Amino acid sequence: MDFELNDDQRMIVDSIGSYAQKELAPKAAEVDKSGIFPLDTHREVANLGLVGMNVAEKYGGSRAGAIALSLALTEIAAADASVSVTMSVSNMVAETIANSATEEQKMRFIPQICGGDYPIGAFALSESGAGTDAMALKTKAVREGDEYILNGSKLFITSAEFASVVLVMARTGDEPGAKGITAFLVEHGAPGMSIGKEEDKMGIRGSNTAELIFENCRIPADQRLGGEGEGFKVAMTALDGGRIGIASQALGIGRAALNASISYSKEREAFGAPISTFQAIQWKLADMATELDAARLLTLRAAWLKENKKTFSKQASMAKVFSTEAANRACKEAVQIFGGYGYCSEYPVERYLRDCKVSTIYEGTSEVQRIVIARHLLSE
């Protein structure tokens, strides 16, 4: 594997990094404080070609590749983690449709996610009693002629209120477990689909997270994605790629925490000298930088494997568990380096810590990643 970025990838890092620091970073604290979803920002992100980055141009994507997507997500997350999670999930949904849909479905649904009034995709798998145990989901889809009728609810859905297309997993048969789960594409404003409780979250507060409720929601049969009973496979394949996205997001947050810590340690004085001259601070910075660099290599390896159509499930889980936990440690140390100021909203490191925590939870907890890795190791 080449450790050098190519010209296009370097251009993405430079241009997206510049955009994110100029346009997103100055507004991130206010977005966090207000908790208001910045829809105009997501339209801007889509217009920059950052949604559908691993999808063919004829469907509205840019086909920049998995590595480019990882790099772009890191740059966006370093400025505003809330924007990055919506971007990550939207890319995951667009790519899942591109990989699993009919040509007609691709032409119809992907352009909605990559552009338009609501350039956002949502992924609806989790329920109140089916989070880590996703096979326990109870949302039902019953075939009636040329339609399916959906009933049930989905919990903790990123961008639920604003997504143009929601990828919904529902049970279509009486078979328990994975065999009875089917995937559906439900459009924004579909009759019978409503928004329930919006979560008041600890972090990534500028990202809309809400319950989706289906009450006799009728959708045409041609909005089924794949065959009946194939939905769980669709979901797990989507999450493999999505985990690279969340690892990339965590890297961006961790990098922001490290950079803030370096700058602050050079300015803050104690006992007549900058605290950067103290070994205790130097060692913290060294550990933060080393772990984040290792996390970056793991993440880009997984992205490289995916881009080159090689098996990457184990490597994606390794990247996610290591990157998210390393980034959380970096954010925690950043607060410690800032001392009392680190605990106050005057400085951004307390927000980085709050934003980063969820990265060890969504799209598969750290515990689930270790299960995935162990299963691969024991079956090899």
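Residues numbered from 1 in each chain as written. Predicted model: local features only at pLDDT ≥ 70, side-chain atom pairs only at ≥ 80, totals over all residues. Heavy atoms only, no water.

Details of the overall build of the protein
Turning to step 1, where the next piece is worked out: When you go through the protein residue by residue, the secondary structure sums to ten helices and ten strands.
Turning to step 2, where the next piece is worked out: Over its C-alpha trace the protein gives a radius of gyration of 21 Å, about what one expects of a compact globule, namely 21 Å for 380 residues.
Turning to step 3, where the next piece is worked out: Along the longest, intermediate and shortest principal axes, the C-alpha atoms of the protein span 80 × 45 × 40 Å.
Turning to step 4, where the next piece is worked out: Burial analysis of the protein (380 residues in total) assigns 54% to the buried set. (Helix = DSSP H or I, 4+ residues; strand = E, 2+ residues; numbered from the N terminus. Rg over C-alpha atoms; globule rule 2.2 N^0.38 Å. Buried < 20%, exposed > 50% of the residue type's maximum accessible area, 1.4 Å probe, protein only.)

Some points on the packing of helix H6 (residues 231–267) against helix H9 (residues 349–357)
Turning to step 1, where the next piece is worked out: Contact geometry of H6 with H9 gives a least axis separation of 10 Å together with a crossing angle of 160 degrees. In terms of axis orientation, H6 runs roughly antiparallel to H9. H6 and H9 meet at a crossing whose hand is left-handed. For the pair formed by H6 and H9, the contact residues are Ile-253, Ala-256, Ala-257 and Ala-260 on the first element and Val-349, Tyr-352, Asp-355 and Cys-356 on the second.
Turning to step 2, where the next piece is worked out: Tallied by class, residues from the contact of H6 with H9 come to seven nonpolar, no polar and one charged. (Axes fitted to C-alpha atoms, helices over the stretch in contact; angles between N-to-C directions. Parallel < 35°, antiparallel > 145°, perpendicular 65-115°, else oblique. Left-handed = near helix turned anticlockwise from the far one by under 90°. Contact = heavy atoms within 4.5 Å. Nonpolar A, V, L, I, M, F, W, Y, C, P; charged D, E, K, R; others polar.)

Points about the environment of Ala-303
Turning to step 1, where the next piece is worked out: As for its placement among the helices and strands, Ala-303 is situated in helix H7 (residues 279–307).
Turning to step 2, where the next piece is worked out: Along the backbone, Ala-303 and Ile-67 are 236 residues apart, and their C-alpha atoms lie at a distance of 5.1 Å.

A look at the packing of aromatic side chains
Turning to step 1, where the next piece is worked out: Here the structure, examined in full by the defined rule, presents seven aromatic pairs.
Turning to step 2, where the next piece is worked out: Ring centres of Tyr-264 and Phe-338 lie 4.1 Å apart, and the angle between their planes is 15 degrees; this geometry places the pair in the stacked category. Of the two residues, Tyr-264 sits in helix H6 while Phe-338 sits in helix H8 (residues 313–338), which places them 74 residues apart along the sequence.
Turning to step 3, where the next piece is worked out: Three or more aromatic residues joined by ring pairs make a cluster, and in this case those are Tyr-264, Phe-338, Tyr-341 and Tyr-347.
Turning to step 4, where the next piece is worked out: Taking the ring centre of Tyr-118 as reference, the NZ or CZ of Arg-43 above it sits at 5.9 Å. (Phe/Tyr/Trp six-rings, centres within 6.5 Å; stacked < 30°, edge-to-face > 60°. Lys NZ or Arg CZ within 6 Å of the ring centre and 35° of its normal.)

Structural notes on the packing of helix H1 (residues 7–34) against H9
Turning to step 1, where the next piece is worked out: Where H1 contacts H9, the axes come no closer than 11 Å and their chain directions differ by 65 degrees. Crossing hand, H1 versus H9: left-handed. Residue-level contacts link Ala-28, Ala-29 and Asp-32 of H1 to Arg-351, Arg-354 and Asp-355 of H9.

Notes on unusual backbone geometry
Turning to step 1, where the next piece is worked out: The phi dihedral of Arg-63 falls on the positive side, at around 50 degrees, and the residue is not glycine.
Turning to step 2, where the next piece is worked out: The residue Arg-63 is located in the loop between helix H2 (39–47) and helix H3 (66–79) in this model.
Turning to step 3, where the next piece is worked out: Classification of Arg-63 by relative accessible area gives partly exposed; the value is 44%.
Turning to step 4, where the next piece is worked out: Although it is not a glycine, Ser-159 sits at a positive phi angle of roughly 65 degrees.
Turning to step 5, where the next piece is worked out: Mapping Ser-159 onto the fold places it in the loop between strand E3 (147–158) and strand E4 (165–171).
Turning to step 6, where the next piece is worked out: Residue class for Ser-159 comes out buried when judged on its relative accessible area of 0%.

Regarding helix H10 (residues 366–379)
Turning to step 1, where the next piece is worked out: Over its 14 residues, H10 extends 20 Å from the first C-alpha to the last, a length consistent with the 20 Å expected when each residue adds 1.5 Å.
Turning to step 2, where the next piece is worked out: Buried within H10 are the following residues: Ser-366, Val-368, Gln-369, Val-372 and Ile-373. The arc that holds every buried residue of H10, seen down its axis, measures 165 degrees, which confines them to one face. H10 presents Glu-367, Arg-375, Leu-378 and Ser-379 as exposed residues on the side facing more than 90 degrees away from its buried surface. (Expected span 1.5 Å × (residues − 1). Arc of directions from axis to C-beta.)

Some details on the nonpolar core
Turning to step 1, where the next piece is worked out: By size, the foremost hydrophobic cluster in this structure holds 78 residues, and its most contacted members are Ile-76, Met-87, Ile-97, Phe-123 and Met-169.
Turning to step 2, where the next piece is worked out: Residues within four places of Met-87 in sequence aside, it is in contact with Val-45, Leu-50, Met-53, Leu-69, Ala-72, Leu-73 and Ile-76.
Turning to step 3, where the next piece is worked out: Among the nonpolar cores identified, the runner-up in size contains 25 residues, and Tyr-148, Ile-157, Val-166 and Phe-184 belong to it. (Core = buried A, V, L, I, M, F, W, Y, C linked by side-chain atoms within 4.5 Å.)

By themselves, these figures tell us nothing about what the structure is for.
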